[in-house]
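Here is how the chains run, residue by residue.
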Amino acid sequence: MQSGQRPKYLNLMQIRLPLPGIVSIAHRISGVLMFLAIPFIAYMLHVVVRDEAGFLEIRTLMDNIIIKLALFVLIWSLLHHLFAGIRYLLIDFDVGVDKPTARASAAVVMAAAIVSAVITGVLLI
Ligand code: HEM
């Protein structure tokens, strides 16, 4: 191999990821977070409908700031995953594949997920 053809050393910390890349990683992270949360959410649902004491137990738990924060992250995860998932399904059908549209739709997904997560969080948590 000649010196000009040597593989480049890629420093991942120095690569500036474009917005569609950030949306993509966040889509994967949000999917994994929701998957990991299933047992906890299922257990909370089981306890909250069990009896009055269970309902009060979960209500008290919901006063905890860490639980509130975790729920907010889960709400964002679902919304980001939903919006980004719809974006990917459209791209699969060749809708919005060109670079400017892909960048714009990534920004829309990012903003829509954050704004709707904040609104849902304020209303529900
Ligand atoms: C809300 C409606 C949802 C939509 C529209 C949706 C859409 C999608 C799409 C299109 C993909 C494939 C992305 C790709 O091509 O790389 C995907 C991947 C995935 N989804 Fe969903 N999804 C939804 C809900 C969920 C839920 C509720 C969970 C978890 C409980 C979940 C977990 C995952 C995981 C783990 C992946 C793989 C991520 C990766 O490998 O990058 N999804 N989703």
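Before reading further, recall that the structure is shown in the block above.
Residues numbered from 1 in each chain as written. Predicted model: local features only at pLDDT ≥ 70, side-chain atom pairs only at ≥ 80, totals over all residues.

**Q** An account of the overall build of the chain is requested, with residue identities and associated values reported.
**A** Counting secondary structure elements, the chain contains four helices and zero strands. What you see in the chain, going N to C, is helices and strands ordered as α-α-α-α. Scaling as 2.2 N^0.38, a compact globule of 125 residues should have a C-alpha radius of gyration of about 14 Å, whereas the chain reaches 20 Å, well beyond that. Along the first, second and third principal axes, the C-alpha set of the chain runs to 75 × 35 × 25 Å. Residues counted as buried form 11% of the 125 residues belonging to the chain. Within the chain, contacts between residues separated by at least 24 positions form 75% of all contacts whose residues are at least 6 apart in sequence. (Helix = DSSP H or I, 4+ residues; strand = E, 2+ residues; numbered from the N terminus. Rg over C-alpha atoms; globule rule 2.2 N^0.38 Å. Buried ≥ 20, exposed ≤ 12 C-beta atoms within 10 Å, placed from the backbone. Contact = placed C-beta atoms within 7 Å.)

**Q** Could you give me a rundown of the nonpolar core, with the residues and numbers involved?
**A** Ranked by size, the top nonpolar core spans seven residues in total: Val23, Trp76, Leu79, Ala84, Ala106, Val109 and Ala113. Elements that contribute at least two residues to this core include exactly helix H3 (65–92) and helix H4 (99–124). If near-sequence neighbours (up to four positions away) are discounted, Val23 is found in contact with Ala84, Ala106, Val109 and Met110. (Core = buried A, V, L, I, M, F, W, Y, C linked by C-beta atoms within 7 Å.)

**Q** Talk me through H4; I want residue IDs and the actual numbers.
**A** For an α-helix, 3.6 residues make a turn, and residues three or four places apart therefore share a direction. Helix length check: H4 (26 residues) gives 37 Å between terminal C-alpha atoms against 38 Å at 1.5 Å per residue, within 8%. Along H4, the positions that sit buried rather than exposed are Ser105, Ala106, Val109 and Ala113. (Expected span 1.5 Å × (residues − 1).)

**Q** Account for the packing of helix H1 (residues 19–50) against helix H2 (residues 52–61), naming residues and giving values.
**A** Here H1 crosses H2 at 130°, and the two axes come no closer than 5 Å. Here H1 is positioned oblique relative to H2, judged by the angle of their axes. Residue-level contacts link Met44, Val47, Val48 and Arg50 of H1 to Gly54, Phe55, Glu57 and Ile58 of H2. Partitioned by chemical class, the residues of the contact of H1 with H2 number five nonpolar, one polar and two charged. (Axes fitted to C-alpha atoms, helices over the stretch in contact; angles between N-to-C directions. Parallel < 35°, antiparallel > 145°, perpendicular 65-115°, else oblique. Nonpolar A, V, L, I, M, F, W, Y, C, P; charged D, E, K, R; others polar.)

**Q** Give me the lowdown on the environment of Lys99, citing residues and values where you can.
**A** Examined against the element boundaries, Lys99 turns out to sit in helix H4. Once the C-alpha coordinates of Lys99 and Pro20 are considered, the two residues, 79 residues apart in sequence, prove to be 9.6 Å apart.

**Q** Outline the site of the ligand, listing residues and values.
**A** Taken together, His27, Arg28, Gly31, Val32, Met34, Phe35, His81, Leu82, Gly85, Ile86, Tyr88 and Leu89 make up all the residues around the ligand. For the shell around the ligand, the elements supplying multiple residues, two or more each, are H1 and H3. Counted by class, the shell around the ligand contains seven nonpolar, four polar and one charged residues. (Near = placed C-beta within 6 Å.)

**Q** If you had to explain the packing of H1 against H4 to someone new, which residues and values would you point to?
**A** Packing of H1 against H4 brings their axes to within 8 Å, and their N-to-C directions diverge by 45°. With respect to their mutual orientation, H1 and H4 come out oblique. The hand of the H1/H4 crossing is left-handed. On H4, the residues touching Leu19, Pro20 and Val23 of H1 are Ala102, Arg103, Ala106, Ala107, Val109 and Met110. When the residues that make up the contact of H1 with H4 are grouped by side-chain class, the tally is eight nonpolar, no polar and one charged. (Left-handed = near helix turned anticlockwise from the far one by under 90°.)

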